Structure formats: structure tokens, C-alpha cells
Amino acid sequence: MSQNTAHGPITHKDIFQKCREFTDPDKVKALGVYPYFRPIEGTAGNQVIVGGRRKIMIGSNNYLGLANDERVIDAAQAALRKYGSGCTGSRFLNGTLDIHGQLEEALAQFLEREACLVFSTGFFANEGALVTLCEEGDFILCDRENHASIVDGCRASRAKTVPFAHNSAESLRRRLKRLPPEGGKLVVMDGVFSMSGDIIDLPAMKAVADEYGAKLYVDEAHSLGVVGPKGKGTVHQFGLNDSVDLVMGTFSKSLGSQGGFIAGPRPIIEYLKHKCRCFIFTASLAPAISGGVLKALELMQEETWRIDALWKNTHRMHEGFRSIGFNIGTTQTPIVPLLIGSEMKAFVFSQKLFDAGIFTTPAIFPAVRYGEAIVRTSYMATHTEDELSYVLETCERVGKELGIFEDAAYTGESKRRNSGYDLNLSDQEGPSDIREPAGTGSDESAVCAPVSG
Ligand SMILES: Cc1ncc(COP(=O)(O)O)c(C=O)c1O
């Protein structure tokens, strides 16, 4: 829109123009391979119903199969009946239920921590804790593959973000060495990384952090119920529970629900409880969720067969995919990314799996490096042998049909370029500009640069 003034015409920027110009999803929809926002009509354990047909779910984080457990559903229903459908207010004011306190105590006890604070989402737990605890003059040392909620917490905090190379204690050391001693330092990392599925090298990180007086914060979203004794997380796996200052976790994965928490020393938890805006200025965790999560936490500890079955399935899928020839990167966990390469191939691969009765989704730039699109698969304790065999057979067939093993991502001719979605099925080279993926730039140039998603 332009306006005439005494100094000539002024053109005002239309803040919404970018939305009208954003047509990438429409292009993929027109090709019939759009993989996102598929409406699920019902669930039956490991399978979901979409368009009236059953699909084996290999795209969820319901690692222990507890989201559909009848006892969890009963407990959620009982809480719903007792307290109503919502708390209609903040924990700070009218929204604290006795079961919130019970959940916090149960988590603190399970994780062998002094205290715990429950948030309405895991995202809020990370963002809220980082913004509240890290102040101007402080430094947040952030692994480059940390989850978006950590990245956003870093962005929103007044502290300076210092990204370090993924899972590299050496990179962390180089960063810490250059920082002034007077600034507080917090090293933040995922315990299990949500895209690559690898586990943080916590002993090495701790050794470096100790040299520079930095504190440690571990996001156990994908480790809770998966890694460590009884699923207590990576800090227990490495015997470092007493050395890591804060752990964060979510209810949206192994515990099959929604919400998150921070656990650690009581003074820090009390501080967050009274200062954290993501905790105070939002409605508290709904009663049904709180009741369901309490039950799921109990079952997770009692029914250790679930973790054993999860690992059995995990090892089977690692071996199965590797023997077919899929590159599954550095995963050590039930998160198994299948390297596909081009975005279009990832869309088509995912669509062909869907048509064959398997539900999963691709992850493309900027969630992963450009030209290295993946289909992220993840496994549950409750997947059957037959289901897993079918997944392996179908992935092999579709992978060969699409020539995935000949993609540039497999042959090493990496291609990074400026464009929207890459909708070519062929491997023809496009414009040569480098489109640098967020969070994967050169390690050395990155000191104090803002990290991004
Ligand atoms: C590593 C990690 N941290 C935090 C979160 C956010 O958790 P929630 O989904 O409970 O908000 C996620 C969710 O995907 C995650 O993968």
C-alpha cells in the first residue's frame, strides 16, 4: 500500500504478504504427497485409523505404549470426574490441584531429585526455565541440535547464546575458554537428540563444564522411560545424576500425554515457581492429564518389561535398516532416522509407506540439513514382530523403487541450495547458492551468534 506525503510516496510494508506468498505446502498437496496434519480418526494400540484404514504407527513418541493403556485412561477419567475438565487458572493462583503436588513429588522421587515443577507443556518448561534462570551477562552454551524449545528459550533469554558443535566436548571447551569468568554459564543439551536419536556424551561434557565452572542442564524428553535404569534418563545412565544441576522432561512421549517438568535443587525450583512467566501466566495442567500421567509414571516403574521390549524392538530395527543399506546415522535409541536425501523423495517415500499402511512423516530443512531430508521413524515397546517385519520389507521395497540408495545424500555429492521445497525427484543440480541450514554453520564462526531452529 502506498501513501502520498509532502516528501513523496511512502510504501508501507504489508506484514502479511509473506503468508500470501507461502505456497510450498500447496505445491506438495497438488502432487498428492503432502504428509502433514493427517487427521487420525481413532487409535488401536500401535495402529491408527486414517481415512477408515489402519496404519502401523511408526511416527509417534509413545515409546512404552502407555498412551492407550486402559488403566491410564481410567485414571485420567477419574481425575476428569473429580476436578472437572480444566483448572481455569494459573498454578500460582487458583489452578493448583493436590494431584499436581503428588505428580511433582512422584517425579522428584523417581528421578532422585530434591524437587520438581510441572509445566503445561515441555516446550514451556525449557523456554521458561532458560529465560528465568539466565540473565544479562550470562552465557547459555547450546548444542547445535538441541530441540526448538531450547533454541527459543535461548532466543528469548537476555543471556548470550553460544552454540557448540553437536555432541562435541572439544567444541564446548573452545567456546568456554573464550568466555569471561564473571558471566554465569549454563551448558544445555538434549539427553537423546530428537532427530538423530543419539545420546549426549555427558561424561565428556561434564568434565569440560567443570573446568570452567559451568552448570549443566539436560533435556530428558526422549530419554525418560527409554534410557537408564528403569528409564530414569541419561543422567542416571552415566551415573551423573548428582553432577547435573537440572533435568527437564516431558509427559508427551513415554508417559503418553502432555506437559513437562523441571527437576533439581529445591531453591532453584522455588525460584522458578515464583518467577517463571511460562509457569505463572498460563493455565495449569488439566486434571485428566495430571491423573493419567501419575498412573503412567507408576506403570512405567512397575512394568519394566516395557523398556526391555522397547530395546529389543530398537535393536531389531537398527540392524534391519542397516542390513538393507539405509543410512540411519548415529542413532543409539528407538528414534531411527532414515536418510532419504531430496525433500521430494522424502515426501514420496512417506506417501508410499502411508499407502502401504504405515504412518510416518518426513523431516526436511530446517529440521535437518538441506539435501539430507529424513523420514523419522520411532518404535514402541508394543510393536509386534510382524509389524516390524512388514515395516522393514516395505521400506526396502519403496527405497529401491525410488532409487534412494543412489541419491546424492548416499553418494556423497551433497547439494545445498537456495529454494523453497525441493520438488524434483531427479538428482539434477540446481542453483549453486548455499542455503546454510540453521544451527549447522561452521563451528568456529559461531561464537555468540544467535542459534536458530
Ligand atoms: C527434546 C525435546 N524437548 C522438548 C520438547 C517439547 O516437549 P512437549 O511436546 O512436551 O512440549 C520436545 C518435543 O518434541 C523434544 O523433543
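Quantities reported herein were computed from a predicted structural model and do not represent experimental measurements.

All right, on to the overall build of the chain then. What the chain contains, in helices and strands, is 16 helices and 16 strands. Seen through its principal axes, the chain has C-alpha atoms that stretch 70 × 60 × 50 Å. The long-range share in the chain, meaning contacts at least 24 apart out of those at least 6 apart in sequence, stands at 71%.

Let us look at the site of the ligand. Close contacts around the ligand come from 14 residues, with Gly122, His147, Ala221, Thr250 and Ser252 the closest. No other element matches helix 5 (residues 122-133), which puts 3 residues into the shell around the ligand. Class assignment of the residues belonging to the shell around the ligand gives a composition of 2 nonpolar, 10 polar and 2 charged.

Attention shifts here to the sheet that holds strand 6 (residues 115-119). Here we have 7 strands laid out as an open sheet, ordered 6-12-11-10-9-7-8, and mixed in their pairing. With one partner strand each, in any of the chains shown, strand 6 and strand 8 (160-164) form the two edges of the open sheet. Within this sheet the neighbouring strands show an average axis-to-axis angle of 20°, counted without direction. Sheet analysis places strand 7 (residues 139-143) next to strand 8, joined by 5 bridges and oriented parallel. Opposite Phe139, over in strand 8, you have Lys160 as the bridge partner. Here helix 5 sits on the sheet in contact with strand 6, strand 7, strand 9 (185-190), strand 10 (215-219), strand 11 (246-250) and strand 12 (260-264), set at roughly 45° to strand 12.

All right, on to the environment of Pro9 then. When you line up the elements, Pro9 lands in strand 2 (residues 8-11). Separated by 232 residues in the primary sequence, Pro9 and Asn241 have C-alpha atoms spaced 64 Å apart.

Here the focus is helix 8 (residues 202-211). Taken together, the buried positions of helix 8 are Leu202, Met205, Val208 and Ala209. Projection of helix 8 onto a plane perpendicular to its axis shows the buried side chains occupying an angular sector of 130°, all on one side. Opposite the packed face of helix 8, turned more than 90 degrees from it, sit the exposed residues Pro203, Asp210 and Glu211. Looking at the packing, one finds that the buried side of helix 8 touches helix 7 (169-177), strand 9, strand 10 and helix 9 (234-237). Directly beyond the C-terminal end of helix 8, a positive phi value near 65° is found at Gly213.

Let us now look at the sheet that holds strand 4 (residues 47-50). The strand order across the open sheet built from 4 strands is 3-4-5-14, with neighbouring strands paired in mixed fashion. Strands with a single pairing partner mark the edges of an open sheet, and in this sheet they are strand 3 (42-44) and strand 14 (358-359). Direction of pairing for strand 4 relative to strand 5 (residues 53-57): antiparallel, over a ladder of 4 bridges. Within strand 5, the position partnered with Val48 by the bridge is Lys55.

What follows is about the domain arrangement of the chain. Considered domain by domain, the chain is made up of domain 1 (23-57 + 305-411) and domain 2 (70-302). Relative placement of domain 1 and domain 2: their C-alpha centres are 28 Å apart. Counting from both sides, the interface comprises 16 residues of domain 1 and, opposite them, 13 residues of domain 2. Looking at side-chain class alone, the side of domain 1 that touches domain 2 contains 9 nonpolar, 5 polar and 2 charged residues.

All right, on to the confidence of the model for the chain then. For the chain, per-residue confidence averages 91 on the pLDDT scale, and 91% of positions sit at 70 or higher. Ignoring residues within four places in sequence, the model shows residues 426-453, a span with pLDDT below 50, making 52 contacts including any to other chains.

Generally speaking, a soluble globular protein has its nonpolar side chains buried in company with each other. Formed by 122 residues in total, the largest nonpolar core has its most connected members in Ile140, Leu141, Val187, Val188, Phe261, Ile262 and Leu338. Shared between two domains, this core takes at least three residues from each, and those domains are domain 1 (23-57 + 305-411) and domain 2 (70-302). In this view, Phe261 contacts Leu107, Cys116, Leu117, Val118, Phe119, Ala125, Met248 and Gly249; residues no more than four positions away in its chain are not counted.

Between Phe365 and Pro366 the backbone carries a cis peptide bond, its omega angle lying at 5°. Looking at where Pro366 falls in the secondary structure, it is placed in the loop between strand 15 (361-363) and strand 16 (373-378). The phi torsion at Asn167 lies on the positive side, around 55°, for a residue other than glycine. Looking at the element boundaries, Asn167 is found in the loop between strand 8 and helix 7. The residue Lys230 is not glycine, and still its phi comes out positive at about 55°.

Of all 5 residues in strand 10, 4 are buried, a share of seventy percent or more. Remark: the strand 9/helix 8/strand 10 crossover connection has right-handed handedness. By the bridge criterion, 3 bridges tie strand 10 to strand 11 in an arrangement that is parallel. Paired with Tyr217 across the two strands is Leu246, which belongs to strand 11.

Right, let's get into the packing of helix 7 against helix 8. With their axes 9 Å apart at the nearest point, helix 7 and helix 8 run at an angle of 15° to one another. Relative to helix 8, the element helix 7 lies roughly parallel. Helix 7 and helix 8 meet at a crossing whose hand is right-handed. Together, Ala169, Leu172, Arg173 and Leu176 of helix 7 and Ala204, Met205 and Val208 of helix 8 make up the contact between the two elements. For the contact of helix 7 with helix 8, the per-class residue count stands at 6 nonpolar, no polar and 1 charged.

Criteria and thresholds
- Residues numbered from 1 in each chain as written.
- Predicted model: local features only at pLDDT ≥ 70, side-chain atom pairs only at ≥ 80, totals over all residues.
- Helix = DSSP H or I, 4+ residues; strand = E, 2+ residues; numbered from the N terminus.
- Contact = placed C-beta atoms within 7 Å.
- Near = placed C-beta within 6 Å.
- Nonpolar A, V, L, I, M, F, W, Y, C, P; charged D, E, K, R; others polar.
- Pairing = 2+ DSSP bridges.
- Axes fitted to C-alpha atoms, helices over the stretch in contact; angles between N-to-C directions.
- Buried ≥ 20, exposed ≤ 12 C-beta atoms within 10 Å, placed from the backbone.
- Arc of directions from axis to C-beta.
- Domains from an automatic or database assignment.
- pLDDT = per-residue confidence, 0-100.
- Core = buried A, V, L, I, M, F, W, Y, C linked by C-beta atoms within 7 Å.
- Right-handed = clockwise from strand over helix to strand, strands pointing away.
- Parallel < 35°, antiparallel > 145°, perpendicular 65-115°, else oblique.
- Left-handed = near helix turned anticlockwise from the far one by under 90°.

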